[in-house]
Amino acid sequence: MWFGQTGQMASDKRAARLGVLAAVAVLLFGALGVRLWFLQTVEATDLQDSVEVERTKTVRLVPERGRIFDADGRILADNERILTVGIDWEVMRDKNDRSQLFKRLSGWIDTPVAEMERRYNANLYSPYLPMPVKEDIDEPTASALMERSEDFPGVQVELGWRRAYPYAPLASPVIGYLGLIPEEQADEYVRRGYVLSEQVGSDGIELSMEDTLHGKWGEKVVRVNAAGQILEEISRREAINGQDIQLSIDLDVQQYAEQILQTQLKLRRTFTAKNPIVTKEEKGGIKERIDPSSPPEVNYKAPAGSVIVTNQKNGQISAMATYPTFDHRWFNSGISGDKFAELFPGEDSEGFDPDKATLLNRAVQGQYNLGSSFKPFTAYAALHSGFMEPGSFYEDQGTYKMRSIDPAECRSGRVRCEFRNSNCGDSNLPCVYGSVNVQTALAVSSDTFFYRIGEELFLRRENLLRDEVKRWGFGQETGVDLPYEFDGRVPDDQLKRDLIASEALDPDTDVDRLLAGDNVQTAIGQGLLAASPLQVAQAYAALGNRGAINTPRVVRAIYKPGVPNGTPGYVDLSKAKLVQSFLKGGVSSQVPIDGDALQAIVSGLRQNITGPGVTLPDGGVRSTTAEELFEIGYPEQAIPIAGKTGTAQGSKSLPWNDSSAFAAFSLDDTRPYTVVAYLEKAGFGSQGAAPVVKCMYLALSGLIQTRPVELADPLDLDSTEVAADVPAADTKCLESSNFDPNPAD
Amino acid sequence: MLQRKPDSGLGNIRSSPGDPSRNIDWILLVVQMLLTIAGCFVVFSATRTEPNIDPYTYVTRQVIFAIAAVVLMFIVMSIDYEWLKERSRLLFTLTVGALLALLVLAQAGVGGGVITDIAFSVGPINLQPAEFAKFAVLLVLAGYIADEGLSEISYPRFVGALMIVGIPAVLVIAQPDLGTASVIISSVMGVLLVAGAKLRYILIVSALSLFTLLTALASGLVNSYQLLRFRVLFDQDNPELGDAALQVRNAIRAVGTGGVFGKGWLQGDLTNGGDIPVAWADFPFAAVGEQFGLIGCGVLLFMFAVALFRVWRIAHLSRDLLGTYICAGVFTMMLWQLFQNVGMTLGILPVTGLPMPFISYGGSGLFTYFAMMGLVQSVHMRRMR
């Protein structure tokens, strides 16, 4: 139609040329159309899926870890807000971009490029959070980085938390510390909603109460544009902060316990034990020193020990000291791996001395013979099983010959049939206590009295002794709210089989079933019997609580998150909202014990403290093991206690390897403290552990001026000490003016 | 002059053929207006979720631009294109002067915010000499060739034409604004083709353009960002290309996921959510494709086809060569820019940042195209004389 109107066109050629133009247009439109058709029909479904991922971003919201307080509300574990530099994963995908960014960033945040690369490759950090490259930068650096965000694309400064321990190193092993998630537990933690790069409780309360303290991660889903800018929030689930925990630990008591333990151990190292001359049958009866390679007097090593103070009414632990110990701030101090290995040598590192292991909470993990401090429970077994009455007497003649072994066997020397009391004084002869009953046998710690019980109970029923003492919690976990608890050992067939199988016992000379001889040893807390100081504390607390066994606990209460701060170093507990309290305790079981039996045992333990000793047939008086210690410097107003010393023989029964134990409970219901001390290789119970317990009771009675607890100085990163020494305690209470230790423990 | 509708009475008799106001191409005008209105909606949908600004900021400005552009168009329409041609040399000289001044001043670093690489900024107004250049070059070139009056352009005229076009083209490339330069060259190609240029002339222009482009690349005039966009075309999934590739990938996804019927008005997560940087200027077609699907895209392209057809038709109807050449130039310019913009959105052409005629956000683009349309209408209105 319009072609007909082309009169003004110069020629038909022009129309043709315009036709070419039209053809080009049709061609181009065709190309667009085809592409469009293809894109919106054929490829549409494939594209649909991939879009979802890029459009939204999930950002995880960190919960604040619950804090830990002591019984008075002192903040033992706190959270500091820190600034962390992180990099978005997006911007690090390309290797070149990444290394350039790392290089630029390195100087600003004082982190080597290699370290950033290591973290990038560590496969440890959550893809939902920027990869952290530097924790705890200062404000100026943070703002400088943010101002240069164009130079540092994808680099973010975020608020985070860091654990702080204001009173470190006090109670470090109890409180514990945080560490990376162990590789073998990674799946488990992730399943529980953790982020792999998180710090989780690795010891102490931090570990055992991890679930309570941790809280729950929140999450927000945001819509982002191509530049990664957040456009809007689509959904948000707030993080739930961890609950706050109050411990039963009273830092005043705790500090004093740590001080007195450390002071006494160091003091004990200045004392010596005799290297006595003995007749050695195995060497043809020659007389020589028990250890010919050592000098006549050998210093006690006194390397380690522990003290526990617990409330016998509810199981709440007021203090739990262990030595040697560590400062839990090392674990988040950012020190190098080499430095860490130097501070905390592993068991397999060269020259490692288990006596010096610092990461062991000996109060719950210690595996000890108890010596005579076990005797009250042997006495209970004898009374409860009906073997003897509280008034039954036995003539202690210094030695005990087993009646159940064929005398021919005994003479052959293959079986040990004769057991004796420990030597009296410097003589090489065993003490003789004459006529003793349960009470006096406990007071003077007659071994033969208990040897006999060991054999007689075995003859009645092999596992009778085991079953009776297990009622007091031996041989099983106490269920304390601390990790890695030693469950103890009470000998029976199974134990012997296990020990032989693991070659802890010699398969050639030992028998894989319980023998009467084993029971004799068990009866005085020696041999294969082993317990942790905490088990001893639990059992003694039960003695002071009429046989009711409380599960020992370090946690006193759990509060809703966000208990506010009070005066510096404290929280304001009056504003805390209680979730759960453990103050009432939890009686896990009641030991069946009648009044007379309990009376006999408690009286014996009381007599051990107060005396008098026993009058010997020759008219002499043999004092009790603790009597002289408590005679001086333990006034009337101090907490009245009943207790028992224990001396556990150590390696090769050398005198300087004796470990020292003392356990006592209160007879005053208003001050119901049970105190246990165990000092390794520190001599007799009355010399090493008993003075510590005495000092503790004097402190608990308010008769010793203890140092005020102070906030810790910052950790000295150059120090080579695993834990700074606590200031020495006054040693006055450790001494006794005319203290001539009764060697018979 | 628009107060009266054209007579639609007895058999469409043009009662007064000499009166230009009675010969407006209403179809072209309506289609163009529809496109512009559609553009405002697209701009709104793509800018609504931009952070930190009022959701109506962009679209309000676009509407104001459009109103101003309409006024400009009517001014151009009311002027005889012959009269404009007479003054085209002055316009051309002013444009080249402005391009030169901008280049020199920008290089010298004088600016203080008033002078950028591509524009003089005076208050809220950005004057881009390159936009004037599109208009001026077309007008002066069409006039120069039409003056010869031959059915086939002679060689001397061709060389003259090259020189006329070359100066501003090089200045625009030097800015560097390859996109605008390509638009100018495309219009020149259209004019030359219709003017009867031999195939070898066209080849010469192509070769020269290519040479200029390569020179620009070699001399480092073209920055690495533009190079990157070329690479993106061939290597979209390469993560090294970063945001540039992401922009294109997301644009393709937006169009693709729109499917046949689209996700619906404001339901396009990608284009409405800000996932495609500056979608309102560079990728409006992605927004259309995502929200309205194949059908929406088809309607949009159909409207462009109608507009192009009307321009092409006016080239036929023109009373003189000048009108034909002007329309041919506008036709190729619009075709090229549309193809380039949609092509880059669909991932078959490199990203150049050329806006989509009538649709994309931006005053300069609207003014240029409305002025061009004014010119074309002027040719149509005066075809009877």
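(A) Highlighting the overall build of chain B. Along its length, chain B carries 15 helices and two strands. Buried residues in chain B amount to 52% of all 385 residues. Sequence-distant contacts, at least 24 apart, represent 70% of the contacts inside chain B between residues at least 6 apart.

(B) Local environment of the sheet that holds strand 15 (residues 305-311) of chain A. Residue and element names in this part refer to chain A. If you walk across this open sheet you meet the five strands as 16-15-29-28-27, and the pairing is antiparallel. This sheet does not close on itself; its edge strands, each paired only once, are strand 16 (317-323) and strand 27 (641-648). Neighbour-to-neighbour, the strand axes of the sheet open up by a mean angle of 5 degrees, direction not taken into account. By the bridge criterion, six bridges tie strand 15 to strand 16 in an arrangement that is antiparallel. Pairing of Gly-305 across the sheet is with Tyr-323, part of strand 16.

(C) The arrangement of helix 19 (residues 516-523) of chain A in detail. Residue and element names in this part refer to chain A. Of all the eight residues making up helix 19, six are buried; the element is thus mostly covered by neighbouring parts of the structure. Restricting attention to buried positions, one finds in helix 19 the residues Gly-517, Asp-518, Asn-519, Val-520, Thr-522 and Ala-523. Where helix 19 is buried, its residues meet helix 13 (375-384), strand 19 (418-420), helix 16 (447-460) and helix 17 (464-470). Phi turns positive, to about 75 degrees, at Gly-525, one or two residues after helix 19.

(D) Inspection of the confidence of the model for chain A at higher detail. Residue and element names in this part refer to chain A. Across chain A, the average pLDDT comes to 87, with 94% of residues at 70 or higher. Mean pLDDT per element in chain A: helix 2 (residues 44-55) is the minimum at 60, and strand 29 (residues 673-679) is the maximum at 97. In this model, residues 1-10 is a region of pLDDT below 50 whose contacts with residues beyond four sequence positions or in other chains number 15 contacts. Overall, residues 737-745 carries pLDDT values under 50, and its contacts beyond four positions in sequence, including any with other chains, amount to 32 contacts.

(E) Here's a closer look at unusual backbone geometry. Residue and element names in this part refer to chain A. With an omega dihedral of 5 degrees, the bond running from Ala-168 to Pro-169 counts as a cis peptide bond. By the element assignment, Pro-169 lies in the loop between strand 5 (155-164) and helix 6 (172-175). Positioned with a positive phi, Ser-445 is a non-glycine residue whose angle comes to about 65 degrees. Note on placement: Ser-445 falls in the loop between helix 15 (438-444) and helix 16.

About the thresholds
- Residues numbered from 1 in each chain as written.
- Chains lettered and ligands numbered in written order.
- Predicted model: local features only at pLDDT ≥ 70, side-chain atom pairs only at ≥ 80, totals over all residues.
- Helix = DSSP H or I, 4+ residues; strand = E, 2+ residues; numbered from the N terminus.
- Buried ≥ 20, exposed ≤ 12 C-beta atoms within 10 Å, placed from the backbone.
- Contact = placed C-beta atoms within 7 Å.
- Pairing = 2+ DSSP bridges.
- Axes fitted to C-alpha atoms, helices over the stretch in contact; angles between N-to-C directions.
- pLDDT = per-residue confidence, 0-100.

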